[in-house]
Structures are given as C-alpha cells and as structure tokens.
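Per-entry structural report
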Amino acid sequence: MSVESPLAEELAVPVPGGSLAVLRWPAAVPGAPTVLAVHGIMGNAQSWAVVARQLAGRATLLAPDLRGRAGSAVLPGPYGLARHAADLALLVRQLTDGPVQLTGHSMGAWISALAAAAEPELFTRVLLVDGAVSFPLPPGVAEEDALAAVLGPALDRLAMTFTDLADYRAHWARHPVWPSLDETGRELFLARDLTGAEPELRTACVPEAIETDGAQVLLDPEAAAAIRRLGGRAELLWAERGLQDQPQGLYDAERLAGAGLELVIDQVADSNHYSIVMGAVGAAVVAERMLAAAGAEHGAGAGGVRRPLRTASGTFQLAVPRKVSQPSLGAWPMPRVRSLRSVDSSCTSSHSTSWRNETSRTSGLSAMSLSTASTASM
C-alpha cells in the first residue's frame, strides 16, 4: 500500500535467501546511539513508528520486517526464532559499527534474548517488552491443544481478504484495543501489512512462518531459557493489561517475582499488550528506556516512580509511569487479520463474532508463557 512514514527510509540487508527489509529512522543528534527494535509474531517494522516519534531523533532506530512478514515476506524458510536471531546479527554487522541496544516486543522479545545470548558482542543492553518470560503450560493442557488454541485463530485470519485499506481498518476498529492505539501508527502499520490487489488484499504474513515461530514461542526450551543467559544486561517492561485489553495481562507481579529472574522488571501502567509500543503513553516509556539502555545523554529515566518489590529471589522494580502529556491520535496497528469483503451489517456481525471467538479460545491459556501473544502480536 502507499502509506509510508515521512521520516523512515527503507533498506535491504542481504541474508540467506534474499534481502531483509529494514526501516531506518535516522538520528538528528550527532553521536547518537543506534537501537534495533524487533516486532512481534504478526507485526512489521511500522509497529515501531510511534516509538520512533517518541525518540525524536535522539537515536537511530533500525526496525526490520522479520522473515515471512511484510517487506521480508518473500524470504524463504526455514523460519524459527533462531533464524530470526541470526538475521538480526547479520543486520547489525552490515548496517552498524556495533554494538547496538536491542529491544524486542512480544515474540520479538524472545528473539532478542536469543540473539543477545548467542552473540553478546553485537548488543549492549536488551530491553524486553511484554515477552521473553516463559511459564509451563497449565495443568491438564496438552501441547497440541495449546498450539491449536493459540495458532488456530491467527492462521484463520491469514485466509481472510479485504476489499481495500478501509475494509481492513474497519475490521480492526472492532477490536477492544483499538481506542488505545495511535492513529498515525496504526495507518502505517496497516498499510505495510497488506499485500495483493484490490478487492482481494490480504496480510503479507506467511502462514508457515507464523505457525513455526508461534510453536517455538510456546514450546521451545532454548527460547524459554534465553532470558536467563542475559544476566544483568536485560530489563523487562510488562503491560498492565492483556491482548484484548482485559485486566489480566500476559504477566503479573506475583508470577514474575517468583520466576527468579536477574533483571529489572517494570510494569507500564495504563498499557495493554499492543499499546505498550503503539500507544502514546507506552511508546514514551519504551523510548526513554531504549535511550537509557543505549547510554544516550538525554535518555535517563522513564518518567515514572519506582516502587521496589522484595522477594526471596531479589529486588524487582515496578514502575508507575506518569501520563505522558502528548495527545494520542487515536487508533492502533494490530496483528494481521483479514476482514470480510464488504463492510455492511452482516460484515460487522461476523467480525464481532470472530473477536469474541478469539478471546474465548485464548483466555483460558493466559497463564501460559505468552501463549496468546502468538495469536495476534505485532
């Protein structure tokens, strides 16, 4: 589609099988650091557009379309978290003098943890956003049932088609998180996600990539262990609310405190799984933490008050960020879902039902290791 960020330039990085598409928002400050941001399972590089705006030129932001998504959809498999981590290493070596600060959201957090653990010389500190912490499946839930519940709705959406960008936007406008997302960021994300020709546009996500990557987020032991190999180099930000903007987020203070992780853990108030990077408040916190982790001169602090939570395994920090005094433009960019071919009363009913079905199919698995994030993460 034709909507593009006026600030980002598109680059192509040679990787096995072809070229990885990368968006680059250049710094406006001499000597500014470089940060690398990794989107979620059904996201794309424009998932970071709102964070880029909050960075305001204080760092160069590099954001790839992961293999099998958007501008990198033509890249062949094999897919998988380790393959994505290897692509990130190639990106850093070709586009920067390294090392760089690394940030990952949702599935991108698992990828970031794997990349930083495998090649620590390429990355300074790692910021993990609502992801990378894995928990066992709930008692009585078989692996195949978990995969069906998590990946089924996502794969169903990949088969949908849309008449035009407005049809796609209308579909997402019915999602519970829609009001919490920035409108400009949403438009950039949605436009980059669509491929094909009207009236049969569809997501640029490759089903095999979603299925392979989602299964590894849920079940791969190396991905689950990666965060514990980072030591004091990592920080976790987690959203207060969940994928459907429900009160229970993917994580909570009690479970995180009992996980025995050696890193600073902060909650971002007034955020859900998507608005933590695509809403004004969440993106402001993420941008400041990126800068602080990169050692930027003006990046100290996240605009919040920290309350320490002491546990048997150490001291964790829970952030209570202030509201950022920047107006949100409105909507948001989410997972790639295809609405029906026309927007009328029957279409509205069908879409509403699809969101309700997705909520019911995934809510019972919310205690898992970010299980529901695999269904619709940006």
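Scroll up a little and you will see the structure.
Residues numbered from 1 in each chain as written. Predicted model: local features only at pLDDT ≥ 70, side-chain atom pairs only at ≥ 80, totals over all residues. Heavy atoms only, no water.

**Comments concerning the pairing of strand β9 (residues 234-239)**
The element β9 is extensively covered by neighbouring structure, given that six of its six residues are classed as buried. Here β9 shows no split at all, with Ala234, Leu236 and Trp238 on one side and Glu235, Leu237 and Ala239 on the other all buried. In this sheet, β9 lies alongside strand β6 (residues 123-129) in parallel orientation, the contact comprising four bridges. The partner of leucine 127 across the bridge, within β9, is glutamate 235. The pairing of β9 with strand β10 (residues 264-268) spans five bridges and is classified as parallel. The partner of tryptophan 238 across the bridge, within β10, is glutamine 267. (Buried < 20%, exposed > 50% of the residue type's maximum accessible area, 1.4 Å probe, protein only. Helix = DSSP H or I, 4+ residues; strand = E, 2+ residues; numbered from the N terminus. Pairing = 2+ DSSP bridges.)

**So, the packing of helix α4 (residues 143-158) against helix α7 (residues 207-219)**
Viewed as axis vectors pointing N to C, α4 and α7 meet at an angle of 150°, and their least axial separation amounts to 10 Å. In terms of their interaxial angle, α4 and α7 are classed as roughly antiparallel. Between α4 and α7 lies a crossing of right-handed hand. Together, Glu143, Ala146, Leu147, Val150, Leu151, Ala154, Leu155 and Leu158 of α4 and Pro207, Ile210, Glu211, Gly214, Ala215, Leu218 and Leu219 of α7 make up the contact between the two elements. Residues of the contact of α4 with α7, tallied by class, amount to 12 nonpolar, one polar and two charged. (Axes fitted to C-alpha atoms, helices over the stretch in contact; angles between N-to-C directions. Parallel < 35°, antiparallel > 145°, perpendicular 65-115°, else oblique. Left-handed = near helix turned anticlockwise from the far one by under 90°. Contact = heavy atoms within 4.5 Å. Nonpolar A, V, L, I, M, F, W, Y, C, P; charged D, E, K, R; others polar.)

**What about the environment of leucine 128?**
Checked against the element boundaries, leucine 128 lands in strand β6. Taking the relative accessible area as the measure of exposure, leucine 128 reaches 0% and is therefore buried. The residues touching leucine 128, leaving out its near neighbours within four places in the chain, are Gly104, Ala109, Ser112, Ala113, Ile227, Leu230, Ala234, Glu235, Leu236 and Leu237.

**Section: unusual backbone geometry**
Residue glycine 77 is joined to proline 78 through a cis peptide bond whose omega torsion reads 5°. Here proline 78 is to be found in the loop between β4 (60-64) and α2 (81-95). Note that the residue after glycine 98, namely proline 99, is joined by a cis bond; omega there is -10°. Mapping proline 99 onto the fold places it in the loop between α2 and β5 (100-105). Non-glycine residue alanine 132 carries a positive phi angle of around 85°. Within the fold, alanine 132 resides in the loop between β6 and α4. The residue aspartate 245 is not glycine, and still its phi comes out positive at about 65°. Checked against the element boundaries, aspartate 245 lands in the loop between β9 and α9 (253-257).

**Examining the sheet that holds β5**
What the eight strands build is an open sheet, ordered β1-β2-β4-β3-β5-β6-β9-β10; its pairing is mixed. Both outer strands of the open sheet, β1 (9-15) and β10, are each paired with one neighbouring strand and no more. When strand polarity is set aside, the average angle formed by the axes of neighbouring strands in this sheet is 25°. With four bridges joining them, strand β2 (residues 18-25) and β4 adopt antiparallel strand pairing. By the bridge assignment for β4, valine 22 is matched with proline 64.

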